[in-house]
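Topology and contacts: notes
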Amino acid sequence: MNIKVAKFGGSSVADSIQIIKTRDIILQDEGRNFIVVSAPGKRYEGDNKITDLLYLCKTHMDHNLPWEQLFEVIVDRYVAVAHKLGVDGVLDEHFEIIRQKINEGSSTDYIVSRGEYLNAVMIAAYLGYDFVDSAGLILFDDKGKLLHDATDAALSEELSKHKTAVIPGFYGSEKGSTRIRTFSRGGSDITGALVAKAIEASVYENWTDVSGFLMADPRIVENPKPIDSISYKELRELSYMGASVLHEDAIYPARVANIPINIRNTNVPKDKGTFITAHHDPSSNRIITGIAGSKDFTVIALYKDMMSTGRGFVRRLLSILEDLDVNFEHLPSGIDTMSVVLSNASLGDKLDEVISQIKIQLEPDNIEVFQNIALIATVGQGMTSNIGVSARLFTALAEADINVRMIDQGSSEMNIIIGVENNQMGDAIRAIYGAFEDEEI
Ligand code: ASP
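Residues numbered from 1 in each chain as written. Predicted model: local features only at pLDDT ≥ 70, side-chain atom pairs only at ≥ 80, totals over all residues. Heavy atoms only, no water.

**Looking at helix α13 (residues 389–399)**
Put simply, the rule reads: Classification of residues uses two cut-offs on accessible area relative to the type maximum, computed with a 1.4 Å probe and protein chains only: under 20% is buried, over 50% is exposed, and between them is partly exposed. Counting from the N terminus, the helices are the DSSP runs of H or I reaching at least four residues and the strands are the DSSP runs of E reaching at least two. For this quantity, the arc is that covered by the directions from the helix axis to the C-beta atoms.
Considered for burial, the residues of α13 that qualify are V389, L393, A396 and L397. Each buried residue of α13 sits inside an arc of 100° when the element is viewed along its axis, so together they form one side. Of the exposed residues in α13, those oriented more than 90 degrees away from the buried face are A398 and E399. A positive phi of about 65° marks D401, the residue just after α13.

Structure below.
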């Protein structure tokens, strides 16, 4: 049988109505035996996520402010859901232990992980599945770094003893200790991927509140087409530009085990969602898989006669950035020109210092700075085998009167990155989308 891992995110388990939907989904496929859950998320716009409330409890505790009332808000939410699901009282003893631990000054990681813990205990009782705690199975070192091999071994050994189980996402513990450790926010996605790898799942289903990825941001492009299938590499290029639905670190465990990730919508389960796979789907005839944009970059363009015949220019440029602790994003170059693209977030207030060091150390003939630049990545493995893709892209941009400040094509040839003024980003994305929306190989 095809054993699947189904991970349900915060919005999918935010209240009893959502949890009943997840049960219907689980029961529709007899392979959905291993369930990973987040803590309850927002039920409506402006609502609080349980994890945020737990962080707040800890902050109150640390500032000697009363936290008990806040904790009661959390308790009340679970009690109401447990009642609707017909599992009253299942969490009572757990609430007591958590209260006691908070009083004793437990760590932030322990406190904020309880959202997932309580939800998994409750949902396991509701489904009649075993509850399997992630502590002792998802293993970290004492610096909080995930231990992949030890985790894989511990998870597969334990899960082989269970036919069906609910596992809390987001946390684990230090190897050889009971100290709880969490991933970064949104980390239940990683737990799901690790469980999928450990049980050699046929697919890792990641249930959320959208039907997978769209070719472009719907706030920019009206009704963009859904992406049926995307390779890990393509997704990496797109998520880097801010188009993320899935925690980045969830990709690695699934990729090494060659397990497809299927992003699905709990509220529209009939939608097939997006499959993220190791290789580009050969049956896909799209040239472009997706377009993503991100604002607020600075481009520093350098010109120096005979740059290409000199030695060490790039190395020295990069060491200036390294010394000033500034990350670079791209480094497009020509014969005697070189541009460096920096995100404003990483640059902070160091632009003047970067420029003055470049002038002193590299003595360029000319230096130009373009600020408020947006980067747009047009990604698609279908581009590699197609002639004229860039011609079409740049024609569309020219027709839309977009001033392209920078062009960079990755060596994989499946990604063209352009830099435009921040305020032209929307128009540029719409122009590119319009040029490729109906294009097939
Ligand atoms: N509950 C955690 C968060 O809100 C982890 C997760 O939902 O994936 O970040």
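**Concerning unusual backbone geometry**
A positive phi angle, close to 55°, is found at E200, a residue other than glycine. By secondary structure assignment, the location of E200 is in the loop between α7 (188–198) and β8 (203–208). Assessed through its relative accessible area of 69%, E200 is described here as exposed.

**Thoughts on the sheet that holds strand β6 (residues 171–174)**
What counts here: Here, a strand pair is defined by DSSP locating no fewer than two bridges between the strands.
The strand order across the open sheet built from three strands is β4-β6-β7, with neighbouring strands paired in mixed fashion. Both edges of this open sheet fall to β4 (139–140) and β7 (180–182), since each of them pairs with a single strand only. By the bridge criterion, three bridges tie β6 to β7 in an arrangement that is antiparallel. The residue bridging G172 from the neighbouring strand is R181, located in β7.

**Quick notes on the site of the ligand**
Definition in use: If a single non-hydrogen atom of a residue is within 4 Å of a molecule or strand, that residue counts as near it. Pairing of N or O atoms within 3.5 Å defines a polar contact, subject to two protein rules: one partner must be a possible hydrogen donor and the other a possible acceptor, and residues neighboring in sequence count only if both atoms are side-chain atoms. Surface exposure here means Shrake-Rupley accessible area, sampled with a 1.4 Å probe, where a residue is shielded only by the protein chains that are shown. Here the nonpolar group is Ala, Val, Leu, Ile, Met, Phe, Trp, Tyr, Cys and Pro; Asp, Glu, Lys and Arg are the charged ones; every other residue, Gly included, is treated as polar.
S38, T51, E116, F170, R185, G186, G187 and S188 make up every residue found near the ligand. Within the side chain of R185, a nitrogen or oxygen atom sits 2.7 Å from an oxygen atom of the ligand. G186 is positioned such that a nitrogen or oxygen atom in its backbone is 2.8 Å from an oxygen atom of the ligand. Its free accessible area being 260 Å², the ligand has 91% of it covered by the protein chains. Residues of the shell around the ligand, tallied by class, amount to one nonpolar, five polar and two charged.

**Some details on the packing of helix α2 (residues 50–62) against helix α3 (residues 68–85)**
Stated formally: Axis angles are defined between N-to-C directions and span 0 to 180 degrees, where every axis is a line fitted to C-alpha atoms and, for a helix, only to the segment in contact. In this scheme, roughly parallel covers angles under 35 degrees and roughly antiparallel covers those over 145, while 65 to 115 is roughly perpendicular and the rest are oblique. Left-handed describes a crossing whose near helix is turned anticlockwise from the far helix through less than a right angle; right-handed describes the clockwise counterpart. Contacts were defined at the residue level, with two residues in contact if any of their heavy atoms lie within 4.5 Å.
Where α2 meets α3, the closest approach of the two axes is 9 Å, and the angle between their N-to-C directions is 155°. When the interaxial angle is binned, α2 and α3 end up roughly antiparallel. As α2 packs across α3, the resulting crossing turns out to be left-handed. Here I50, L53, L54, L56, C57 and H60 of α2 lie close against α3, whose contacting residues are L70, F71, V73, I74, R77 and Y78. Residues that form the contact of α2 with α3 fall into these classes: 10 nonpolar, one polar and one charged.

**As for the packing of aromatic side chains**
This is how it is decided: In this analysis, rings of Phe, Tyr and Trp, with Trp reduced to its six-membered ring, are considered paired at centre separations within 6.5 Å, and the interplanar angle assigns stacked below 30 degrees, edge-to-face beyond 60, and tilted for intermediate values.
Following the criterion strictly, the structure yields five aromatic pairs and no others. Between Y78 and F95 the ring centres are 6.4 Å apart and the planes differ by 50°, which places this aromatic pair in the tilted class. Of this pair, Y78 sits in helix α3 while F95 sits in helix α4 (residues 92–103), placing them 17 residues apart in sequence.

Remember, this is a structural readout, not a statement about activity or role.
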